[in-house]
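# Residue-level structure breakdown
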Amino acid sequence: MRRRVCLRCLEPLTAPVWRDATGAPTRPPVERRTRWHRLLDPLRTDPQPAPTAREAAGAAAATVVPTCPRGHRLPPEYLDRPTIVVGLVGLTGASKSTYLTVLIDLLHEGALAPLGVSVEMDEDSAARFDDHRYRLLVQHQQLPLTLPLLGEGSSPEPFVLVLRGTGRNGAERAVNLVFFDASGEQLYRSEDMGLYGRFLYAATSLLVVLSPGVFPRLRSVADPGEASMGLARHTQMVVNLANVLRAARNLPPDAHVPDVATAVVLSKADKLRGVPDFPAGTLRDPDLRAMPLAHWFADVRANSSRLVDFLEVSGGSNLLTTVLHRLPRPTVHAVSATGADARDGGYPRIAPVGVLDPLLVLLARSGFLSAEGLDPEEYGAGLRGEWVR
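The rules behind these values
Residues numbered from 1 in each chain as written. Predicted model: local features only at pLDDT ≥ 70, side-chain atom pairs only at ≥ 80, totals over all residues. Heavy atoms only, no water. Helix = DSSP H or I, 4+ residues; strand = E, 2+ residues; numbered from the N terminus. Contact = heavy atoms within 4.5 Å. Areas by Shrake-Rupley, 256 points an atom, 1.4 Å probe, with all protein chains shown as cover. Buried < 20%, exposed > 50% of the residue type's maximum accessible area, 1.4 Å probe, protein only. Salt bridge = Lys/Arg side-chain N within 4 Å of Asp/Glu carboxyl O. Pairing = 2+ DSSP bridges. Axes fitted to C-alpha atoms, helices over the stretch in contact; angles between N-to-C directions. Core = buried A, V, L, I, M, F, W, Y, C linked by side-chain atoms within 4.5 Å. Expected span 1.5 Å × (residues − 1). Polar contact = N/O pair within 3.5 Å; in protein donor to acceptor, adjacent residues only side chain to side chain. Parallel < 35°, antiparallel > 145°, perpendicular 65-115°, else oblique. Nonpolar A, V, L, I, M, F, W, Y, C, P; charged D, E, K, R; others polar. Phe/Tyr/Trp six-rings, centres within 6.5 Å; stacked < 30°, edge-to-face > 60°.

### Quick word on the overall build of the protein
Secondary structure summary: the protein contains 8 helices and 10 strands in total. Excluding contacts between residues fewer than 6 apart, the proportion of contacts in the protein whose partners are at least 24 apart in sequence is 75%. As presented, the protein carries roughly 18400 Å² of accessible surface, and 52% of it is formed by carbon and sulfur atoms.

Shown next, in the form of structure tokens:
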């Protein structure tokens, strides 16, 4: 069954509501044409008269669009595609918004073209994204901190993209890709945890963003105020994330979550290049045009293991154990969204590295891309026939 969720409130769309231009619920549009109408159409030679103002107003009122049960309007053809909902989780200052802005810009600029995948952005999302892109990628300014989730669990305006590719039999396949970015503090404050329920219920993929400065041995690269946060809050955030993820699906605390995958992003990894025993080869951008995706994923697996070893000896054993044992199907990735530290509120340059790796893993585990090379023992088991036709 295809997953469909509202873009604003992430309510499941088991039975979308159709509304007219006034917002009143109505029946879905169905064109009822008799055999007599089809016979007469080829015989029409005179152009139809222009509609009057009253007729135009009536036609506008009769136009219906699909909405969620709460009345949020859905984009054209949204219901025709399955949806991958990606939730960014991380504490304030982990560089979630910066990473997401750079990632979406790379997608929009054709980063997936070597895989035969095109990307388009929803009009609403594009209008809001332009502000983030201009501030970060044109003016090289730091983005503001992420606001907490809004009241009643409504989404802080997720970004919506459509990915189109070609299936194994040559047929086109397409998915909606929905990103929402929320403050991770709400996962260790008990009064806020309830707001995360609906997002984690709808999420099929998680991007957990960790900054290297929170690890004890790496405090020399911490941003101001970052070292004081410590690992305790991050560990509690991951524990609560895992608990709420399962509770939203009515699963026991230690149960396997088969429909979700996790990519752990070690952000600001450019700061680690001078740290002894940091596996510098894990921060890289292989050429998708020259390297088959299966080889790319084999490298991802190897690099993930190397990063886990590095972070464990950097004082993160407890946090890493929690991540690896509680979050579903995690991989660890070294990422630098900017390639340089911010100075006086701005970046000297924007040179992203490793930004695509986490998303490619999540797309493979969601079934949109082939998972060959990622999980050799499970290859083929996770592919969903409705996506890979």
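On we go.
### Things to note about the environment of Asp105
Checked against the element boundaries, Asp105 lands in helix H3 (residues 96–108). The exposure class of Asp105 is buried, given its relative accessible area of 12%. In the structure, Asp105 is positioned 32 residues away from Leu137 in sequence and 8.9 Å away in space, judged by C-alpha atoms. Other than its neighbours up to four places away in sequence, Asp105 contacts Phe129, Arg133 and Leu137.

### What about the pattern of salt bridges?
Tallied over the full model, the rule gives 11 salt bridges. Between Arg217 and Asp277 there is a salt bridge, with its nearest N and O atoms 3.0 Å apart. A residue pair is termed long-range when its members are at least 10 positions apart, and Arg217 in the loop between strand S8 (205–210) and helix H6 (230–247) and Asp277 in the loop between strand S9 (261–266) and helix H7 (293–326) qualify at 60 residues. Overall, Arg217 belongs to the partly exposed group, its relative accessible area being 35%. The class of Asp277 is exposed, set by a relative accessible area of 51%. Notably, a salt bridge pairs Lys271 with Asp341, separated by 3.8 Å at the nearest N-O pair. Separated by 70 residues along the polypeptide, Lys271 in the loop between S9 and H7 and Asp341 in the loop between strand S10 (330–334) and helix H8 (356–365) bring together distant segments of the chain. A residue is classified by how much of its surface remains accessible, and Lys271, at 15% relative accessible area, is buried. One network of salt bridges, in which partners are shared, links Asp223, Lys268, Lys271 and Asp341.

### Section: the sheet that holds S8
Read from one edge to the other, the open sheet built from 7 strands follows the order S5-S6-S7-S4-S8-S9-S10, with strand pairing classed as mixed. At either margin of the open sheet sits one strand with a lone partner, and together these are strand S5 (118–121) and S10. Direction aside, neighbouring strands of the sheet carry axes that sit 25 degrees apart on average. Sheet analysis places strand S6 (residues 159–166) next to strand S7 (residues 172–181), joined by 8 bridges and oriented antiparallel. Pairing of Val160 across the sheet is with Val178, part of S7.

### What to know about the environment of Gln141
Tracing the chain through its elements places Gln141 in the loop between helix H4 (123–138) and S6. Placed 203 residues apart in sequence, Gln141 and Asp344 show a C-alpha to C-alpha distance of 9.1 Å. Those residues within four positions of Gln141 in sequence are excluded, and the remaining contacts are Arg135, Leu136, Gly345, Gly346 and Tyr347.

### Side note on the nonpolar core
Among the nonpolar cores identified, the biggest contains 50 residues, and Tyr99, Leu107, Leu177, Phe179 and Phe297 are the most heavily contacted of them. Sorting elements by how many residues they give to this core places H8 first, with 7 residues. Residues contacting Leu107, with those up to four places away along its chain left out, are Leu112, Val119, Leu161, Leu177, Leu356 and Leu359. Core analysis: the second largest hydrophobic core is formed by 38 residues, Phe215, Leu231, Leu307 and Leu319 among them.

### Focus on H3
An α-helical turn contains 3.6 residues, so a residue and the one three or four places further along point in the same direction. With 13 residues, H3 should reach 18 Å at 1.5 Å per residue; the first-to-last C-alpha distance of 18 Å fits that figure. The element H3 is extensively covered by neighbouring structure, given that 11 of its 13 residues are classed as buried. Lys96, Ser97, Thr98, Tyr99, Leu100, Thr101, Val102, Leu103, Ile104, Asp105 and Leu107 are the residues of H3 that are buried. Once H3 ends, the next one or two residues include Gly110, with phi positive near 100 degrees.

### A word on unusual backbone geometry
Despite not being glycine, Ser95 shows a phi value in the positive range, around 80 degrees. By secondary structure assignment, the location of Ser95 is in the loop between strand S4 (83–89) and H3. One non-glycine residue, His140, lies in positive phi territory at about 60 degrees. Following the sequence through the fold, His140 ends up in the loop between H4 and S6. Judged by relative accessible area, which is 22%, His140 ranks as partly exposed.

### Brief notes about the side chain of Lys96
Residue placement: Lys96 occurs in helix H3. A relative accessible area of 4% means that Lys96 is categorised as buried. Among the polar contacts made by the side chain of Lys96, one reaches the main-chain carbonyl oxygen of Gly90 at a distance of 3.1 Å.

### Quick notes on the packing of H6 against H7
As a packed pair, H6 and H7 sit with axes 10 Å apart at the nearest point and diverge in direction by 10 degrees. What the angle tells us is that H6 and H7 run roughly parallel. In contact with Leu231, His234, Thr235, Val238, Val239, Ala242, Asn243 and Arg246 of H6, H7 contributes Gly315, Gly316, Asn318, Leu319, Thr322, Val323 and Arg326. Grouping the amino acids of the contact of H6 with H7 by side-chain chemistry returns 6 nonpolar, 7 polar and 2 charged.

### Describing the packing of aromatic side chains
To describe a pair of aromatic rings, you give the distance between the ring centres and the angle between the ring planes. All chains considered together, the criterion is met by 2 aromatic pairs. Considering the side-chain rings of Phe129 and Phe159, the 5.9 Å spacing of their centres and the 85 degrees angle between planes classify their relative orientation as edge-to-face. Residue Phe129 is found in helix H4, and its partner Phe159 is found in strand S6; the two are separated by 30 residues along the sequence. Taken as a pair, Phe129 and Phe159 share a single burial class, namely buried. Geometrically, the ring pair formed by Phe278 and Phe310 is edge-to-face, given 5.3 Å between the ring centres and 65 degrees between the ring planes. In this pair, Phe278 is assigned in the loop between S9 and H7 and Phe310 in helix H7, connecting sequence segments 32 residues apart. Both residues of the pair, Phe278 and Phe310, belong to the buried class.

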